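As a plain string of letters, each chain reads:
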Amino acid sequence: MNCCYRAAHHVSKPKPLTSPRALPILHETPRYAPQLPLPPYSYVPGLFPHPVSDPVGHMHGQHEADMPRDDATSFGFDLFNHGYYWEAHEAWEHCWVAEDRQGELADALKGLIKLAAAGVKAREGKPEGVRRHARRAEQLLRASSSPNQTSLPESWRQASADWAEQARRVHETADQWIDTRDQPVIAVFDFTLERPPC
């Protein structure tokens, strides 16, 4: 399971927001990669600057750097659990691409990507997008939890079953996760994802 994350926003400290908003105090959630700083805001289309293409984006103009697989995967969980859904999607997507977009680990990562996309849609105020992405996340994660997935570590299969159940809840109750407040970071879900060992 070779996975890298080319993360421009981890090369140097995040850029501060240009507005006077400050980060809210986040719930006490353990970090899996505490050595990596969380960005100053979670990207929500139409609400905050695009991290890469906007000159004030928190990843703009920074050089890409490879990150060890464990750090990249762990940081994706940190990002998701703290409400950085777009950034978690990006972290896991780079790992998914490194897996050549196929195979059992790639399918589990794609399920996580879809669940993160549901979080972005919740922040955008789009319940149908939440439903669509969470439904697909559940399908992918249920398949990843199958005992037939022999190249996926047992810890990942078990975790995939738990994640699939959370995705099902999100899919079935999409309206309850909507939160469009103008805050730099909002963790919309009432659960966190545990990062399994490899």
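The text that follows walks through the structure, step by step, so that each part is easy to find.

### A word on the overall build of the protein
Phase 1: Secondary structure summary: the protein contains five helices and two strands in total.
Phase 2: When the helices and strands of the protein are read in sequence order from the N terminus, they spell out β-β-α-α-α-α-α.
Phase 3: Taken over 198 residues, the protein has a buried fraction of 51%.
Phase 4: Across the protein, every contact between residues at least 6 apart in sequence was considered, and the portion connecting residues at least 24 apart equals 73%.

### Overview of the packing of helix 2 (residues 85-98) against helix 3 (residues 104-124)
Phase 1: Where helix 2 meets helix 3, the closest approach of the two axes is 8 Å, and the angle between their N-to-C directions is 160°. Compared by their axis directions, helix 2 and helix 3 come out roughly antiparallel. Crossing of helix 2 against helix 3: the hand is left-handed. Here Tyr85, Trp86, Ala88, His89, Trp92, Glu93, Cys95 and Trp96 of helix 2 lie close against helix 3, whose contacting residues are Ala106, Leu109, Lys110, Leu112, Ile113, Ala116, Ala117, Gly119, Val120 and Arg123.
Phase 2: Of the residues assigned to the contact of helix 2 with helix 3, the class counts are 13 nonpolar, two polar and three charged.

### A short note on the packing of helix 3 against helix 5 (residues 154-172)
Phase 1: Contact pair helix 3 / helix 5: the axes reach a minimum separation of 11 Å and the direction vectors enclose 25°. Judged by the angle between their axes, helix 3 and helix 5 are roughly parallel. In this structure, the crossing between helix 3 and helix 5 has a hand that is left-handed. Contacts between helix 3 and helix 5 involve Leu105, Ala108, Leu109, Leu112, Leu115 and Ala118 on the former and, on the latter, Trp156, Ser160, Trp163, Ala167 and Val170.
Phase 2: Partitioning the contact of helix 3 with helix 5 into residue classes produces ten nonpolar, one polar and no charged.

### Describing the environment of glycine 46
Phase 1: Locating glycine 46 in the fold gives a position in the loop between strand 1 (5-6) and strand 2 (66-67).
Phase 2: Judged by relative accessible area, which is 85%, glycine 46 ranks as exposed.

### Examining the pattern of salt bridges
Phase 1: Applying the stated criterion across every chain, the model contains eleven salt bridges.
Phase 2: The salt bridge partner of arginine 31 is aspartate 78, with a shortest N-O separation of 3.0 Å. Taken as a pair, arginine 31 in the loop between strand 1 and strand 2 and aspartate 78 in helix 1 (residues 69-81) lie far apart in primary sequence, 47 residues in all.
Phase 3: Across the pair lysine 126 and glutamate 124 runs a salt bridge, and its minimum N-O distance is 3.9 Å.
Phase 4: The exposure class of lysine 126 is partly exposed, given its relative accessible area of 42%.

### Describing the environment of valine 188
Phase 1: By secondary structure assignment, the location of valine 188 is in the segment after helix 5.
Phase 2: You can call valine 188 buried: its relative accessible area is 12%.
Phase 3: Counting along the chain gives ten residues from valine 188 to isoleucine 178, while the straight-line C-alpha distance between them is 7.2 Å.
Phase 4: Here valine 188 is in contact with Tyr85, Gly119, Ala122, Arg123, Trp177 and Asp179, once residues within four sequence places are set aside.

### Concerning the packing of aromatic side chains
Phase 1: The tally for this structure, following the rule as stated, stands at 15 aromatic pairs.
Phase 2: Centre to centre, the rings of phenylalanine 80 and phenylalanine 189 are 5.8 Å apart; their planes meet at 15°, and the pair counts as stacked. Residue phenylalanine 80 is found in helix 1, and its partner phenylalanine 189 is found in the segment after helix 5; the two are separated by 109 residues along the sequence. Comparing phenylalanine 80 with phenylalanine 189 shows no difference in burial state: the two are buried.
Phase 3: Site record: aromatic cluster; members linked through ring pairs are Tyr32, Phe77, Phe80, Tyr85, Trp92, Trp156, Trp163, Trp177, Phe189 and Phe191.

### Some thoughts on the nonpolar core
Phase 1: Among the nonpolar cores identified, the biggest contains 48 residues, and Phe80, Trp92, Trp156, Val170, Phe189 and Leu193 are the most heavily contacted of them.
Phase 2: Counting residues per element, the ones that place at least two in this core are helix 1, helix 2, helix 3, helix 4 (127-144) and helix 5.
Phase 3: Take this core: its biggest share by element is eleven residues, from helix 3.
Phase 4: Those residues in contact with phenylalanine 80 that sit more than four places away from it in its chain are Tyr85, Ala88, Trp92, Leu115, Ala116, Phe189, Phe191 and Leu193.

Parameters at a glance
- Residues numbered from 1 in each chain as written.
- Predicted model: local features only at pLDDT ≥ 70, side-chain atom pairs only at ≥ 80, totals over all residues.
- Heavy atoms only, no water.
- Helix = DSSP H or I, 4+ residues; strand = E, 2+ residues; numbered from the N terminus.
- Buried < 20%, exposed > 50% of the residue type's maximum accessible area, 1.4 Å probe, protein only.
- Contact = heavy atoms within 4.5 Å.
- Axes fitted to C-alpha atoms, helices over the stretch in contact; angles between N-to-C directions.
- Parallel < 35°, antiparallel > 145°, perpendicular 65-115°, else oblique.
- Left-handed = near helix turned anticlockwise from the far one by under 90°.
- Nonpolar A, V, L, I, M, F, W, Y, C, P; charged D, E, K, R; others polar.
- Salt bridge = Lys/Arg side-chain N within 4 Å of Asp/Glu carboxyl O.
- Phe/Tyr/Trp six-rings, centres within 6.5 Å; stacked < 30°, edge-to-face > 60°.
- Core = buried A, V, L, I, M, F, W, Y, C linked by side-chain atoms within 4.5 Å.

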